[in-house]
Amino acid sequence: MSNKLEAYLEEIGHFLSDRAEREEILSEIRSHILEMAAAEHGETGDAALDKVIAAHGPARKVAEKYLDGRPIIAPAYRRYLFRYTTLLFAFHTFLTIIAIVFKKDFVIFPIVFMPRLGVIEALMYLPTAFLADLGFVTLVLYFITQTGKDVKLPWPKFAVDINEVKPPARAFWAGRIATAVGAVLMLAVTDLALYLFAKHHTIFFVNMNWSDPRPLFTPEAGRRLSMIVIAMFAASTFALLIKLFTRSRWVDVVSNIISLTLIGLLLRQPFDNLFAAEIADRFLPKIRFGLKFVLLFIALMITIDLVKNLVLIGRRKLAKST
Amino acid sequence: MTDPDIGSLETEMNRGFLHILVLALLEKDMYGYAMVKHIEALGYKVEENTLYPLLRRLEKNGWIASKWDLTEDRPRKFYAIAAAGRVLRASLLEVWTNQNRILDEIIKENTNV
């Protein structure tokens, strides 16, 4: 028997998924190739088999004809891949922020495992979490598809359908002008903050008397918090300036990630001995709670925006590839 | 308007036609290569990579049956129509005849306009 024929059959067998049928299919193909070589070339030698094999087509293409055409995820469920991944990742990200702030582990088996994390570790962890969420949702949808049953998947009516998130129908220049105005405003705010920081080593004040300003925070805390907030202003300014030249959603993604990192840093700042101004002790827990609540709310909004941007990028890539 | 892609449309049309063709052909036992050549002689071309997977699907559904003949130099797998296949063939031929009639009538109507 020709080695080339056996190698060709082995290659086809490599692409066939059903082990039980594989031998039978390969026997059929072997029989056909030998039959064709004998009928059309008068012999079944290597030279004749080479010609017949070449005409028979590439091994993968041949194998694909035998494979069941059932998709991994049925078309009717494909949009749920993004919907559910979005929800799960938003939930995951929110728990990540909680884990950073409260320094706790979370386990919701088998969907979420949230180890105790620092900000940098969280940044390393989130892409992995996104892939895990995508994989989990894919697996669930795969099993639903394989059952062949008509499963009506739930999706809350009140939630924003990411499919329906469309860019506002603004004219090209209107969009650019709005971005330019935003960039100029943010540039002014950043410059003002840098000026105040250079002069007073803080940007937080109790009064507005610039000849004798009274800082809100103690010098060290004021310096750290000011630097973080200035970095946030600068990141937003850069993002807006870049968006004058490109509408890529990756700019928003990077900006979102930087903002989340900086909010994480803000949340990790020690609260004790924070204020330079005198504040009654009974108000301190309330202020602490209020600050954390506001920062977490901002983080949640940024996270939702981040997930929306990632999903839209993913959808666009999928649309291009299909 | 885009140009019609005859190739892909023809493939779509062939899908149904091949079922009837194979079921009609297998009234007598035949092996794969002989079927390809027979169909070719009738002025139609079917690729072996299309025919064999189709034969497997028909067999899985119980519409045809197969058996290996090992008496010759080369083993050959012979296929034959099953009882359920004859019922299916009759139904498909009815559908096909009806479709032909409808198309004929429409073409006649168009030529009379």
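Note that the coordinates shown come from a computational prediction; the quantities given were computed from them, not determined experimentally.

Novice: Tell me about the sheet that holds strand E1 (residues 30-31) of chain B, and name the residues and values.
Specialist: All names here are of chain B. Pairing is antiparallel in the open sheet, where 3 strands are placed in the order E1-E3-E2. Every interior strand has two partners, whereas the edge strands, E1 and strand E2 (64-69), have only one. Relative to strand E3 (residues 76-81), E1 runs antiparallel, the two sharing 2 bridges. Pairing of tyrosine 31 across the sheet is with phenylalanine 78, part of E3.

Novice: So what's going on with the pairing of E2(B)? Residues and values would help.
Specialist: Residues and elements named next belong to chain B. Here E2 pairs with E3 via 6 bridges, running antiparallel. Counted as the bridge partner of serine 66 is tyrosine 79 from E3. Here E2 folds back onto E3 in antiparallel fashion, the turn holding 6 residues.

Novice: Talk me through the confidence of the model for chain B; I want residue IDs and the actual numbers.
Specialist: When pLDDT is averaged along chain B, the result is 91, and 96% of the positions lie at 70 or above. Both confidence scores are given for the complex: pTM 0.55, ipTM 0.85.

Novice: Could you give an account of the interface of chain B and chain A, naming the residues involved and the relevant values?
Specialist: Listed per partner, the contact involves 12 residues of chain B and 11 residues of chain A. For the side of chain B that touches chain A, the secondary-structure elements that each account for two or more residues are helix H2 (32-41), helix H3 (48-60) and E3 of chain B. For the side of chain B that touches chain A, the leading source of residues is H3(B), giving 6 residues. Within the side of chain B that touches chain A, the residues separate by chemical class into 4 nonpolar, 3 polar and 5 charged.

Novice: Please provide a residue-by-residue account of the environment of A:Gln146, values included.
Specialist: Residue and element names in this part refer to chain A. Its place among the elements puts glutamine 146 in helix H6 (residues 119-147). On the neighbour-count criterion, glutamine 146 (12 C-beta atoms within 10 Å) is exposed. The spacing of glutamine 146 and arginine 70 is 76 residues in sequence and 8.3 Å in space, taken between C-alpha atoms.

Novice: Describe the packing of H6(A) against helix H9 (residues 249-267) of chain A, listing the residues and the values that go with them.
Specialist: Residues and elements named next belong to chain A. At a minimum axis separation of 9 Å, H6 and H9 run at an interaxial angle of 145 degrees. Once H6 is placed against H9, the crossing between them reads as right-handed. Residue-level inspection shows Val119, Ala122 and Leu123 of H6 in contact with H9, the latter providing Ile257, Thr261, Gly264 and Leu265. For the contact of H6 with H9, a count of residues per class yields 5 nonpolar, 2 polar and no charged.

Novice: Talk me through the environment of A:Lys61; I want residue IDs and the actual numbers.
Specialist: In this structure, A:Lys61 sits in helix H4 (residues 59-66). It is 8.6 Å that separates the C-alpha atoms of A:Lys61 and A:Ile12, two residues lying 49 residues apart in sequence.

Novice: Got a sec to walk through the packing of helix H1 (residues 6-25) of chain B against helix H4 (residues 83-112) of chain B? Specific residues and values, please.
Specialist: Residues and elements named next belong to chain B. Axis separation between H1 and H4 bottoms out at 10 Å; the angle between their running directions is 130 degrees. As summarised for this structure, H1 and H4 are arranged oblique, according to the angle between their axes. Once H1 is placed against H4, the crossing between them reads as left-handed. Contacts between H1 and H4 involve His19, Ile20, Leu23 and Ala24 on the former and, on the latter, Gly85, Leu88, Arg89, Leu92, Leu93 and Trp96. Looking at the contact of H1 with H4, its residues break down into 7 nonpolar, 2 polar and 1 charged.

Novice: Which residues make up helix H3 (residues 46-56) of chain A, and what values do they have?
Specialist: All names here are of chain A. The set of residues buried in H3 consists of Leu49, Val52, Ile53 and His56. Along the axis of H3, the buried positions cluster into a sector of 100 degrees, meaning they face one direction only. Set apart from the buried face of H3 by more than 90 degrees, the exposed residues are Ala47, Ala54 and Ala55. Those residues of H3 hidden inside the fold are in contact with helix H1 (3-15), helix H2 (19-41) and H4.

Novice: Describe unusual backbone geometry, and please don't skip the residues or the numbers.
Specialist: Residues and elements named next belong to chain A. Phi is positive for histidine 201, close to 65 degrees, though the residue is something other than glycine. The topology assignment puts histidine 201 in the loop between helix H7 (172-200) and helix H8 (219-242). Since 14 C-beta atoms lie within 10 Å of it, histidine 201 is described here as partly exposed.

Cut-off values and rules
Residues numbered from 1 in each chain as written. Chains lettered and ligands numbered in written order. Predicted model: local features only at pLDDT ≥ 70, side-chain atom pairs only at ≥ 80, totals over all residues. Pairing = 2+ DSSP bridges. Helix = DSSP H or I, 4+ residues; strand = E, 2+ residues; numbered from the N terminus. pLDDT = per-residue confidence, 0-100. Contact = placed C-beta atoms within 7 Å. Nonpolar A, V, L, I, M, F, W, Y, C, P; charged D, E, K, R; others polar. Buried ≥ 20, exposed ≤ 12 C-beta atoms within 10 Å, placed from the backbone. Axes fitted to C-alpha atoms, helices over the stretch in contact; angles between N-to-C directions. Left-handed = near helix turned anticlockwise from the far one by under 90°. Parallel < 35°, antiparallel > 145°, perpendicular 65-115°, else oblique. Arc of directions from axis to C-beta.

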